[in-house]
Amino acid sequence: MTLSVRYLVAPLLGALLFASCSKSELTPEAPVAATALQNVSAPGFPEGFETGTKTAYTTGSVTLSSGSWTLNDALIGNTTADAKTGSWSTRVRNSGSLSMNFDLTGGAGVVTVAHALYGTDASGTWELWASANSGSSYAKVGSTITTSSTTLSTASFTVNIAGNVRLQVRKTDGSTNRINFDNITVESYGTGGGGGGTGTGGTKFLFDASHAELAGNADWALDVDSGITPRYPTPAASGITASTSETYWTAALSSWGVALVKLGNSVENLPSGTAITYGNTSNPQDLANYNVFVVDEPNTLFTASEKTAIVNFVKNGGGLFMISDHNISDRNNDGYDSPAIWNDLMTNNSVQANPFGYSINLTNISETTSNVLASSTNTILNGSQGAVTQLKFSNGATMTKTSGSAATPLIWQGSASQGNTNIMCLSSTYGTGRVVCITDSSPADDGTGSAGNTVYPGWTELASHAKLHMNASLWLAKQQ
């Protein structure tokens, strides 16, 4: 987007617009325990078959980005008839198979496989099998899958095996009909519980505090101690029980963090001065070490490398929770507010323009809406944390969906038609990852923060606010 001199008026409007957007419905219910505790993507995955060469069906091994695989009655193809993401995918015929020749030492939680028919071939069936003894024996996982479309779709399997595990995809119909397989994702599997003092239990959520989220009258972090956001909120998360108050930590997102820990997840801040990277093994807070990245109202631009890291994190299976504020909400007076910063990430990155399929409008609205998508199956609106029926914006922006994109509008302005404009909350997918965006910081604000900051209890103002953020968090983490 074009960044104009409109930001220069921000200092004059600070007193009116920069308050965290003030916040009737009952207080939110206590979180319900979740069951899935998958961790980050397994090393080398997702496997997209973009490296390695095998042009014949004869049995042979090939080294791919994830490791060595044996392809039996299978090859790696790139013809126009091969269904694929990128340039290559595997093609399997007869009773062929794809078999890992290596163990995943971090186990396997949820595994997904993209599949489609080759060319005009008839339907076929296949299965996923797993071995916990280095391939000596295998057990079938989940149901037999029928492939009947030439368009890639994704099958999901809950493996949930800790320790060493290797996987095998088996074509089972025995016919000469061919099936393409691509984008195999594997989430490491752990049995961590209530978020220990080091923040390494369960599914891992990282809350950004590296982009001036504390600027001005804001406190968008899990915990702030004497003006500093520590990596691990204090006191330790291991002390949180079902009855722990959100005041256990001190910052405007502490309610959110405490609620996640109560469900068995772990949470961390990304402190100021810490780099946002993806695939940098020397960075202990590299995004590859987390399932979900939460960024609430960034107030400085992401660097080129940070934008690449964030987009690739989502592309490869991560969850991104984007929160914006309204137009002209530049809290640190650097010329950029959060709508501009998010739009810059989506339109000006090295991976793909408009990867998530929407843009944030330069608007400023305040209203309570009940214009919610009617869907009993959408787990963001009707998930384990309860049904979402309202959303209140106290100075927020709106969004526009790109026509035909993967974005799914969820909540609109009260007087708007349920279309591609006037959107207040939406979800999207990109690659194997997921995105949720809410364009006001007020609903996540729990009303507690550092001394001197004026914050408002949006989290409890409407019961739907906590339900929406928690359901969305669990959806991003692929827990529901």
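Data block above holds the structure.
Please read these numbers as outputs of a predicted model, since none were measured by experiment. (Residues numbered from 1 in each chain as written. Predicted model: local features only at pLDDT ≥ 70, side-chain atom pairs only at ≥ 80, totals over all residues. Heavy atoms only, no water.)

(A) Main features of unusual backbone geometry. The step from T234 to P235 runs through a cis peptide bond, and the omega angle for that step is 0 degrees. Mapping P235 onto the fold places it in the loop between β11 (204–208) and α2 (254–262). Despite not being glycine, F49 has its phi angle at roughly 60 degrees, a positive value. Notably, N422 is not glycine yet its phi reads approximately 60 degrees, a positive angle. Here N422 is to be found in the loop between β21 (408–412) and β22 (423–430). (Helix = DSSP H or I, 4+ residues; strand = E, 2+ residues; numbered from the N terminus.)

(B) Spatial organisation of the packing of α2 against helix α6 (residues 463–476). Running from N to C, α2 and α6 cross one another at 50 degrees; their axes reach a closest spacing of 11 Å. The pairing of α2 with α6 is recorded here as oblique in orientation. Crossing of α2 over α6 shows right-handed handedness. Across the interface between the two elements, W256, A259 and L260 of α2 pack against H469, M470 and S473 of α6. Residues belonging to the contact of α2 with α6 are distributed by class as follows: four nonpolar, two polar and no charged. (Axes fitted to C-alpha atoms, helices over the stretch in contact; angles between N-to-C directions. Parallel < 35°, antiparallel > 145°, perpendicular 65-115°, else oblique. Left-handed = near helix turned anticlockwise from the far one by under 90°. Contact = heavy atoms within 4.5 Å. Nonpolar A, V, L, I, M, F, W, Y, C, P; charged D, E, K, R; others polar.)

(C) Region of interest: α6. Taking 1.5 Å per residue as the helical rise, α6 with its 14 residues ought to reach 20 Å, and the 20 Å between its terminal C-alpha atoms agrees with that figure. Among the 14 residues in α6, 14 count as buried, and that is most of the element. Two residues or fewer past α6, K478 is found with a positive phi of approximately 60 degrees. (Expected span 1.5 Å × (residues − 1). Buried < 20%, exposed > 50% of the residue type's maximum accessible area, 1.4 Å probe, protein only.)

(D) Focus on the side chain of T439. Tracing the backbone through its elements, the reader meets T439 in the loop between β23 (433–438) and α5 (458–461). A distance of 3.5 Å separates a polar atom in the side chain of T439 from the backbone oxygen of M424. When neighbours within four sequence positions are excluded, T439 is seen to be in contact with S324, D325, I360, F393, G396, A397, T398, M399, I423 and M424. (Polar contact = N/O pair within 3.5 Å; in protein donor to acceptor, adjacent residues only side chain to side chain.)

(E) Examining α2 more closely. The element α2 is extensively covered by neighbouring structure, given that eight of its nine residues are classed as buried. Of all the positions in α2, only S254, S255, W256, G257, V258, A259, L260 and V261 are classed as buried. On its buried face, α2 is in contact with β11, β12 (266–270), β13 (292–296), β14 (319–323), α5 and α6. Positive backbone phi, at 95 degrees, marks G264, one or two positions downstream of α2.

(F) Representation of the nonpolar core. In this structure, F207, W256, V267, F321, I411 and L468 are the most contacted members of the largest nonpolar core, which totals 44 residues. Among residues more than four places away in sequence, those in contact with W256 are F207, V294, F321, I323, A444, W459, H469, M470 and S473. (Core = buried A, V, L, I, M, F, W, Y, C linked by side-chain atoms within 4.5 Å.)

(G) Seen up close, the packing of aromatic side chains. Inspection of the entire model under this criterion finds 11 aromatic pairs. Judged by centre distance (5.7 Å) and plane angle (65 degrees), the rings of W126 and F157 are edge-to-face. On the criterion of sequence distance, the pair formed by W126 in strand β6 (residues 124–131) and F157 in strand β8 (residues 153–161) is long-range, its members being 31 residues apart. Exposure class is identical for W126 and F157. Each is buried. Following the ring pairs from residue to residue traces out a cluster consisting of F207, W256, F321 and W459. The side chain of R170 reaches across the aromatic face of W129, ending 3.8 Å from its centre. Positioned above the aromatic ring of Y290 is the side chain of K204, whose terminal nitrogen or guanidinium carbon lies 5.1 Å from the ring centre. (Phe/Tyr/Trp six-rings, centres within 6.5 Å; stacked < 30°, edge-to-face > 60°. Lys NZ or Arg CZ within 6 Å of the ring centre and 35° of its normal.)

(H) Local environment of the side chain of S428. Residue position: S428 is located in strand β22. Residue S428 is classed as buried on the basis of its relative accessible area, which comes to 1%. Looking at S428, its side chain comes within polar contact range of the main-chain nitrogen of A407, at 3.5 Å. Residues within four places of S428 in sequence aside, it is in contact with F356, Y358, A406, A407, G433, R434, V435 and W475.

(I) Summary view of the environment of A309. Residue position: A309 is located in helix α3 (residues 304–315). Dropping the residues within four chain positions of it, A309 is found in contact with I276, T277, Y278 and L287.

(J) Fine view of the pattern of salt bridges. Here the structure, examined in full by the defined rule, presents nine salt bridges. Between D173 and K171 there is a salt bridge, with its nearest N and O atoms 2.9 Å apart. By relative accessible area, which is 29% here, D173 ends up partly exposed. The salt bridge partner of E461 is K392, with a shortest N-O separation of 2.7 Å. (Salt bridge = Lys/Arg side-chain N within 4 Å of Asp/Glu carboxyl O.)

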